[in-house]
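# Architecture and fold: a report
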Amino acid sequence: MKKLAVFVSGGGSNFLSIQREIDAGRIAGQVALVVTDKPECPGAEYARELGIRVYSYPQPELRPADLLAALKAGNCEIVLLAGYLKMVPAEVVQMYERRMLNIHPALLPAYGGKGYYGRKVHTAVLAAGEDQSGVTVHFVDEKYDHGPTAAQVTVPVRPNDTPETLAARVLEQEHRIYPEVVGALCRGDISWGSDGKPVITPPIEIQYDDSGRRV
Ligand code: GRF
C-alpha cells in the first residue's frame, strides 16, 4: 500500500477520481496528505471530509524544507499533482524524481507550460483550429508541464465546441487515465527505458461496455 500526497488548487475532481479507485480496491494506495495553495477550494474540502490531513503551501512563513518535512511526516512515497497551480519547489521535485506525476488537459508538448492552465488551454486549442486535443499524464521535472510522458489520451474537438464543452470532454478522460497510471505506479508496473522514457507493463487498456460502464 503506497502512501500518496495529492496537490490540488481547485475542483479536486481528479483527486476524487483517484480516491474512488482506491476505495474500489483498484489502486493499492492511500492518500495520506493533500497539499493546497487554496485551503478553501473544493478539493481541500473533500480531503477534510474524508479525514485526510490538508497542508497549506505555499505560505509566507514556510520554506520548501517545511513542505518536504510534511511529506516525510506523512510517509508519502508518491506525489500526484491534480490541478495544483503553483510551482513545486525543486527540492521536492528532486526528492520525488520518477515518483511524481502531473495531469495536463492537452496533448503535451502542445499547449503546455507557463500560462497554459484551466480554460486558457482549451481556448488556445480552439483558436488554433485543432481537430483533436487530449490528456497527458507525465512525470514531473523542474519545468512546467515538461517531464517524461507516462500516458496520453486523444479527444476529438467538435465543430461547435466552446472551451467549456471541450474541457468537459477532456476531463472525462482525465478521470479515466489518471487513476490507471497511478495504479500502475503503485503496483510497480512502470519501468524506465535506457532512453529515459517510462514504460508501463502491461500497457494500460481501458474498456467500456455499451452503456459506458468500465468492464
Ligand atoms: C484538470 O483539467 C487538470 O488536467 C489540470 O487542472 C484541472 C484540475 O481539475 N491540471 P480538478 O481540480 O481535478 O477538478
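Quantities reported herein were computed from a predicted structural model and do not represent experimental measurements.

Conventions used here
Residues numbered from 1 in each chain as written. Predicted model: local features only at pLDDT ≥ 70, side-chain atom pairs only at ≥ 80, totals over all residues. Heavy atoms only, no water. Phe/Tyr/Trp six-rings, centres within 6.5 Å; stacked < 30°, edge-to-face > 60°. Helix = DSSP H or I, 4+ residues; strand = E, 2+ residues; numbered from the N terminus. Buried < 20%, exposed > 50% of the residue type's maximum accessible area, 1.4 Å probe, protein only. Lys NZ or Arg CZ within 6 Å of the ring centre and 35° of its normal. Core = buried A, V, L, I, M, F, W, Y, C linked by side-chain atoms within 4.5 Å. Contact = heavy atoms within 4.5 Å. Polar contact = N/O pair within 3.5 Å; in protein donor to acceptor, adjacent residues only side chain to side chain. Near = heavy atom within 4 Å. Areas by Shrake-Rupley, 256 points an atom, 1.4 Å probe, with all protein chains shown as cover. Nonpolar A, V, L, I, M, F, W, Y, C, P; charged D, E, K, R; others polar. Arc of directions from axis to C-beta. Pairing = 2+ DSSP bridges. Right-handed = clockwise from strand over helix to strand, strands pointing away.

## Focus: the packing of aromatic side chains
- In this structure the tally under the stated criterion is 3 aromatic pairs.
- Aromatic side chains phenylalanine 7 and tyrosine 84 sit 5.1 Å apart centroid to centroid with 90° between the ring planes, which places their arrangement in the edge-to-face category. Taken together, the residues span a long stretch of sequence, with phenylalanine 7 in strand β1 (residues 2-8) and tyrosine 84 in the loop between β4 (78-81) and α4 (90-95) at a distance of 77 residues. Each member of the pair, phenylalanine 7 as well as tyrosine 84, carries the same accessibility label: buried.
- Over the ring of tryptophan 192 we find arginine 98, and its NZ or CZ is 4.1 Å from the ring centre.

## Topic: the nonpolar core
- Within the largest apolar cluster, 41 residues are counted, with the highest numbers of intra-cluster contacts made by Leu80, Leu101, Tyr178 and Val182.
- If one sorts the elements of this core by residue count, helix α6 (residues 163-187) sits on top with 9 residues.
- Excluding anything up to four places from it in sequence, tyrosine 178 contacts Asn14, Ile18, Leu80, Leu81, Ala82, Leu101, Asn102, Ile103 and Val137.
- With 19 residues, the next largest nonpolar core counts Cys76, Tyr96, Met100 and Val140 among its residues.

## Observations regarding the environment of arginine 169
- As for its placement among the helices and strands, arginine 169 is situated in helix α6.
- Given a relative accessible area of 19%, arginine 169 falls into the buried group.
- Each C-alpha atom of the pair arginine 169 and glycine 83 lies 16 Å from the other, and the pair is 86 residues apart in sequence.
- If sequence neighbours within four positions are ignored, arginine 169 has contacts with Val155, Pro156, Val157, Arg158 and Asp161.
- Among the polar contacts made by the side chain of arginine 169, one reaches the main-chain carbonyl oxygen of proline 156 at a distance of 2.9 Å.

## Describing the site of the ligand
- The ligand sits among Gly10, Gly11, Gly12, Ser13, Asn14, Gly83, Ile103, His104, Pro105 and Glu174.
- Glycine 12 places a polar main-chain atom, nitrogen or oxygen, 2.7 Å from an oxygen atom of the ligand.
- Asparagine 14 is positioned such that a nitrogen or oxygen atom in its backbone is 2.8 Å from an oxygen atom of the ligand.
- About the coverage of the ligand: the protein hides 80% of its 370 Å² of free accessible area.
- Going through the elements one at a time, α1 (13-23) and β5 (100-104) are the ones with two or more residues in the shell around the ligand.
- Counted by class, the shell around the ligand contains 2 nonpolar, 7 polar and 1 charged residues.

## Description of helix α3 (residues 64-73)
- When α3 is considered as a whole, its buried residues turn out to be Leu67, Ala70 and Leu71. Buried residues of α3 fall within an arc of 100° about the axis and therefore sit on the same side. Set apart from the buried face of α3 by more than 90 degrees, the exposed residues are Ala65, Lys72 and Ala73.
- Buried residues in α3 make contact with β1, β2 (29-36), β3 (53-56), β4 and α4.
- The first or second residue beyond α3 is asparagine 75, which carries a positive phi of 55°.

## Focus: unusual backbone geometry
- Note that the residue after tyrosine 57, namely proline 58, is joined by a cis bond; omega there is 0°.
- Here proline 58 lies in the loop between β3 and α3.
- You will see that tyrosine 111, though not glycine, has its phi angle at about 55°, which is positive.
- Looking at the secondary structure, you find tyrosine 111 in the loop between β5 and α5 (119-127).

## Side note on the pairing of β1
- Across the 7 residues of β1, 5 count as buried, placing the element largely inside the fold.
- Relative to β2, β1 runs parallel, the two being bridged by 7 bridges. Following the sheet pairing, valine 6 is matched in β2 by valine 34.
- What joins β1 to β2 is α1, and the crossover it makes is right-handed.

All we've got here are geometric facts, nothing functional implied.
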